[in-house]
Amino acid sequence: MAEDERKEEVGTTIVEATVEGEEMKPWEQHSAVISIPRFDYKASSSLLSHSHSAFLITCPIKREKSATKEAIAILEKYIVSNPDAKRRKICMEDATKESNVSGEDAVNEHENSESGTSIEKSDILSLVKLTRSGLLLFTFPFGKSPAVVDIVSQIFQSLESGILKSPLWCNRILPIQDTCRLEEKELKKIVTRLVDQFMTNRQKETGNTVKFAVGYNRRGIEETEMKNLRKASSDPDVFALLDRNKCFSVVAAAVKEVVPDSTVDLKDPELSVLVEVLPLSRVPDKTAIVGVSVLPRTLVSTKPRLCIKALVSDTKEMKGKKR
């Protein structure tokens, strides 16, 4: 089998490449459209101190660069904070060069500037460095909380109507409404607030009761790591929420605190609480951060497990992973 051949022109974003004798997809060929942003290494420390809204994106391993370009192109169409702006601006803070976990080198920061259009703080997304491949995390600044669930809903509507083409590399986009340390008090506080917000916005649809389900993804946290974390801590309960059943009980109690008559329904929930452990780089030992989302039934799938819907069909997604 012929080896991959790549030729990159230093100092530009122009890439010419062939894979096994075939031309690469147009998205990769025309990388001059959008260049790869650098990681914002300050983002992890901010996540430790403050709650942030974000997008967690899954993609095939070793396709993080392509998925990053594609994600920026998709998000810039739907995140508009300045009504006078002709295009969405996504700026990333500069950082020192460092390769990501998949072995891809960091490249020049993307600067999408337009004369006569101001850039506000709410126009900034940070690309956060993670410790696991096949994942991308974009965070908004502290204090800026756009309606990330509505943004993802609009993306799905555009895909269904044909306005937006099916992505090649981005498999799923999870809208994270808030982040917090993996501690019972903080997690319960966020879930309670988000469920209350959900019920207020959809009171006419759901009434005073609601069927709900809880999804928990300890992404990147293996059983051995969990044991090591517990042993290293002087407090045996500090990582109790890494236990799936414990986390479920805390989240369920928070939901019932807002809606006492709520019931669990794993097949067709009206409301789904998704908790994602974020594999952040450059965080202290014995520390875990989670992203929390409360989603309507239109954005989730329940088989084979509860999760955000895929942007493309399972067939297309599996085909993309084989590339």
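Conventions and cut-offs
- Residues numbered from 1 in each chain as written.
- Predicted model: local features only at pLDDT ≥ 70, side-chain atom pairs only at ≥ 80, totals over all residues.
- Heavy atoms only, no water.
- Buried < 20%, exposed > 50% of the residue type's maximum accessible area, 1.4 Å probe, protein only.
- Helix = DSSP H or I, 4+ residues; strand = E, 2+ residues; numbered from the N terminus.
- Pairing = 2+ DSSP bridges.
- Expected span 1.5 Å × (residues − 1).
- Contact = heavy atoms within 4.5 Å.
- Polar contact = N/O pair within 3.5 Å; in protein donor to acceptor, adjacent residues only side chain to side chain.
- Axes fitted to C-alpha atoms, helices over the stretch in contact; angles between N-to-C directions.
- Salt bridge = Lys/Arg side-chain N within 4 Å of Asp/Glu carboxyl O.

Attention shifts here to the pairing of strand β6 (residues 135-139). Most of β6 sits out of view: five of its five residues are buried. Along β6, one buried face is formed by L135, L137 and T139 and the opposite face, lined by L136 and F138, is buried too. Examined bridge by bridge, strand β4 (residues 54-58) and β6 share five bridges and lie antiparallel to one another. Bridging across to β6, I57 finds its partner in L136. Pairing of strand β5 (residues 126-128) with β6, which is carried by three bridges, proceeds in the antiparallel orientation. Bridge pairing in β6 places L127 opposite F138. Between β5 and β6, which pair antiparallel and follow one another directly, the connecting turn spans six residues, one of which, G134, has a positive phi of 80°.

Attention now goes to helix α8 (residues 244-258). When the terminal C-alpha atoms of α8 are compared, their 22 Å separation across 15 residues agrees well with the 21 Å that a helix rising 1.5 Å per residue should span. Among the residues of α8, those classed as buried are C247, V250, V251, A252, A254 and V255. Those residues of α8 that are buried lie in contact with α5 (184-201), β9 (211-217) and β11 (271-278). One side-chain oxygen at the N-terminal end of α8 lies 3.3 Å from the backbone nitrogen of N245; it belongs to D243.

Read from one edge to the other, the open sheet built from five strands follows the order β8-β12-β11-β9-β10, with strand pairing classed as mixed. Lying at the two open borders of the sheet, with one neighbouring strand each, are β8 (178-181) and β10 (263-264). Looking at chain direction, β11 and strand β12 (residues 289-296) are connected through eight bridges and run antiparallel. When the sheet's bridge partners are listed, V275 is paired in β12 with V292. The sheet strands contacting α8 are β9 and β11, and the helix crosses β9 at an angle near 145°.

What follows concerns the environment of P284. With respect to the secondary-structure elements, P284 resides in the loop between β11 and β12. Considering only alpha carbons, one finds P284 and S45, 239 residues apart in sequence, at a separation of 9.4 Å.

Glancing now at the pattern of salt bridges. Taken as a whole and judged by the stated rule, the model has five salt bridges. Two residues, D265 and K211, come together in a salt bridge whose shortest N-O distance is 3.6 Å. Of this pair, D265 sits in the loop between β10 and β11 while K211 sits in strand β9, and the two are 54 residues apart along the sequence. For D265, a relative accessible area of 19% translates into the label buried. A salt bridge links D268 to R297; its shortest N-O distance comes to 3.4 Å. Highlighted residues: D268 in the loop between β10 and β11 and R297 in the loop between β12 and β13 (300-301), separated in sequence by 29 residues. For D268, a relative accessible area of 36% gives the class partly exposed.

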